[in-house]
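# Structural overview for review
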Amino acid sequence: MKRKILALLTGAVMCFAMLPSLVFADDVSADTGDGSEGNPFTSITDYADNVKNFGGDASVKSSDVYVVITGETFDSENPFKVPNTQSYQNPPKLHLTLKDCKFTGNTAADSTNPSFMYLPNCQELNIDGCTFDAGESGLKYGINWNLIGIQDAKISITNSTFDGNYEKNAIKLNQRNGADDVASDVKSGNTTPATIADAVISGCTFNSESAKIALGSQGKGNEGAASPSTGEFPVRISGNTTAVSVALDYAAAEGANVETIDLAAGNDLVKTESVSSDNLTVKYTRDGNVTYYIGTADEIQDIANDAKSGDEIVILKGDIDLQIKSSDVKNTNNGDGEVTANGIELKQGYGITTENPEQGTTNPSVPSDTSNQGVSSENGAAGNSPKTGDDFNMTAVIALMGIAAAAAAGTVVYGRRKRSN
């Protein structure tokens, strides 16, 4: 009997001794994850090791891989090395979430394009509350979201801070392999056109002028022509705590000046999905809130349909025939295009305020501030065309000539009467 009791006690002790190791093993599994949505990787190294299984093999079916990292610091000692999958026929679809992380310097460990991260296969990118510091020596890019072979991707960057110097930009949103994108750097692997379904940048702080946001790629068309397809996606930039410049790289040829929209703190920018050479840029002010819109004439008209008393619409670029339904809406042409508002032509630097749109009446055209507020080119030059003299007031000159002629006639008559007397 004693032997049985002793054996039972010995077995119990062994079970208790093994329990911590079993619990620890479960914890390790929970910490590292398996890359599924319900159990994501928590280390970029684990993700990188998993991607090796694809190896660019076209026979391997592309799959979704999830990575969630919270509160980690990345620098030269702990880099954020994401495998470059742009040559893969079937790249995995990366769903990456970063929360309260800190990036300092060339965490991508890329000697050619130093940056925080290079993401050609990122199906979904969610960044919140992170800090990115390029340092005084700077980086070429910050977050380089350069999609290749990925469709209907989404990105959200919120409540994050960007410090240091950048040669190109702090955030680059780009989709490659469109019909007009002929650059050879993305043609070796998956040539399926990448597409972005939604892009949001909100509540961020940009502590240097070089920390720009770039949309698309410059000069990826034939012989370095513009490649609009690289920027053909919707984006909303809103509620940032500092000023930030948004470079429209997709609209510029290689070596040409890039149109840049300079947002003040709190200003918003909304760009529609459609992109063409006929796109308009409009500054819309309502209740003191400023939003820049980029879109087609029809899309801008849809926005103007909701204009209410006290709103102001400033055309900064493009041609449009605006129809305003509400009274007391100010319309101004600060670009170099052909603009009419309720049938009245607005020359450069002139505007009207609607009075009774239903009867087709407005007040006379009046000159306005002719600066292209918020719009510049990459070299800092203003986006306005020079004055042409079209605003010369001929009516006043004719009136003065009439007065002078009447005075001369009166002098002649008075002289004749004096001689006859």
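Treat the numbers as computed from the prediction; the structure is a model and nothing was measured.

What counts and how
- Residues numbered from 1 in each chain as written.
- Predicted model: local features only at pLDDT ≥ 70, side-chain atom pairs only at ≥ 80, totals over all residues.
- Heavy atoms only, no water.
- pLDDT = per-residue confidence, 0-100.
- Contact = heavy atoms within 4.5 Å.
- Pairing = 2+ DSSP bridges.
- Helix = DSSP H or I, 4+ residues; strand = E, 2+ residues; numbered from the N terminus.
- Axes fitted to C-alpha atoms, helices over the stretch in contact; angles between N-to-C directions.
- Patch = residues over 30% accessible without salt bridge, like charges linked within 9 Å, V, L, I, M, F, W, Y side chains within 5 Å.
- Areas by Shrake-Rupley, 256 points an atom, 1.4 Å probe, with all protein chains shown as cover.
- Salt bridge = Lys/Arg side-chain N within 4 Å of Asp/Glu carboxyl O.
- Lys, Arg positive; Asp, Glu negative; His and termini not counted.
- Charge placed at Lys NZ, Arg CZ, Asp CG, Glu CD.

Put simply, the protein chain has an average pLDDT of 84, and 75% of its residues get 70 or more. Within the model, the stretch residues 12–30 combines pLDDT values under 50 with two contacts to residues more than four positions away or in other chains.

Strand order across the open sheet formed by three strands is 22-24-25, with mixed pairing between neighbours. A single partner strand is all that each edge strand has here, and the edge strands are strand 22 (320–322) and strand 25 (344–346). For this sheet, the mean inter-axis angle between neighbouring strands, taken without regard to orientation, is 25 degrees.

Attention now goes to the environment of alanine 256. Structurally, alanine 256 can be placed in the loop between strand 16 (244–247) and strand 17 (259–263). A C-alpha to C-alpha distance of 9.5 Å links alanine 256 and alanine 225, two positions 31 residues apart in sequence.

Another point: the pairing of strand 12 (residues 196–202). As judged from the six bridges shared by strand 9 (residues 153–158) and strand 12, these two strands associate in the parallel manner. Looking at the pairing, threonine 158 lines up with serine 202 of strand 12.

Next up on the list: the sheet that holds strand 4 (residues 102–104). Ordered in space as 2-4-7-10-13, the five strands form an open sheet in which the pairing is parallel. Only two strands of the sheet have a single neighbouring strand rather than two, namely strand 2 (73–74) and strand 13 (205–206). Where strand 10 (residues 161–163) meets strand 13, two bridges bridge the pair, whose relative direction is parallel. Within strand 13, the residue paired with threonine 161 across the bridge is threonine 205.

The grouping of Asp278, Asp319, Asp336 and Glu338 at the surface amounts to a negative patch. Structurally, aspartate 319 can be placed in the loop between strand 21 (312–317) and strand 22.

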